[in-house]
Amino acid sequence: DRIRRLLAENGNGIRGTLPAFPVDTLHQNLKLFKATKAILPDIATPTLLIHARDDDLSGPNNPLYIQRNIGGPC
């Protein structure tokens, strides 16, 4: 909520962030997610997952999905 408020108060966004999310970037992200899901079972490297509780872009189920579907220890 604090970040949303700061973005709303400063129409240009916060230094180091984009004022908007480009649609082309969203399309590329969706392609990346699909490709990553396909190879997740083949990843055998031990993995540490760290996820922010207040992440606006990635829900709390995403790290759980990775933990359940990755091929190596997590």
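Worth saying up front: this structure is predicted, and the values here are computed from it rather than measured. (Residues numbered from 1 in each chain as written. Predicted model: local features only at pLDDT ≥ 70, side-chain atom pairs only at ≥ 80, totals over all residues. Heavy atoms only, no water.)

Colleague: So, the overall build of the protein chain: which residues are in play, and what are the values?
Modeller: A tally of helices and strands in the protein chain yields three helices and zero strands. Ordered by position from N to C terminus, the α and β elements of the protein chain give α-α-α. Considering the protein chain as a whole, with its 74 residues, one finds that 8% of them fall into the buried category. For the protein chain, the exposed surface amounts to about 6600 Å²; the carbon and sulfur share of it is 57%. (Helix = DSSP H or I, 4+ residues; strand = E, 2+ residues; numbered from the N terminus. Buried < 20%, exposed > 50% of the residue type's maximum accessible area, 1.4 Å probe, protein only. Areas by Shrake-Rupley, 256 points an atom, 1.4 Å probe, with all protein chains shown as cover.)

Colleague: Run through the confidence of the model for the protein chain, naming residues and quoting values.
Modeller: The predicted model of the protein chain has a mean per-residue pLDDT of 83, with 78% of residues at 70 or higher. Within the protein chain, the element-level pLDDT minimum falls on helix H1 (residues 2-9), averaging 70, and the maximum on helix H3 (residues 61-69), averaging 93. (pLDDT = per-residue confidence, 0-100.)

Colleague: Go over a nonpolar patch on the surface, please, and point to the residues and values.
Modeller: Taken together, the side chains of Leu26, Leu30, Leu32 and Phe33 define a hydrophobic patch exposed on the protein surface, amounting to about 390 Å² of accessible area. When you line up the elements, Leu26 lands in helix H2 (residues 23-39). (Patch = residues over 30% accessible without salt bridge, like charges linked within 9 Å, V, L, I, M, F, W, Y side chains within 5 Å. Salt bridge = Lys/Arg side-chain N within 4 Å of Asp/Glu carboxyl O.)

Colleague: Would you mind going over the packing of aromatic side chains in detail, with residue names and values included?
Modeller: Across all of its chains, the model carries zero aromatic pairs by this definition. The ring of Tyr65 carries Lys37 above its face, with NZ or CZ at 5.0 Å from the centroid. (Phe/Tyr/Trp six-rings, centres within 6.5 Å; stacked < 30°, edge-to-face > 60°. Lys NZ or Arg CZ within 6 Å of the ring centre and 35° of its normal.)

Colleague: Which residues make up the environment of Thr47, and what are the values?
Modeller: Within the secondary structure layout, Thr47 lies in the loop between H2 and H3. Judged by relative accessible area, which is 25%, Thr47 ranks as partly exposed. Separated by 20 residues in the primary sequence, Thr47 and Gln67 have C-alpha atoms spaced 8.8 Å apart. Each residue touching Thr47, except ones within four places of it in the same chain, is listed here: Ile70, Pro73 and Cys74. Polar contacts involving the side chain of Thr47 include one to the main-chain carbonyl oxygen of Thr45, which spans 2.8 Å. (Contact = heavy atoms within 4.5 Å. Polar contact = N/O pair within 3.5 Å; in protein donor to acceptor, adjacent residues only side chain to side chain.)

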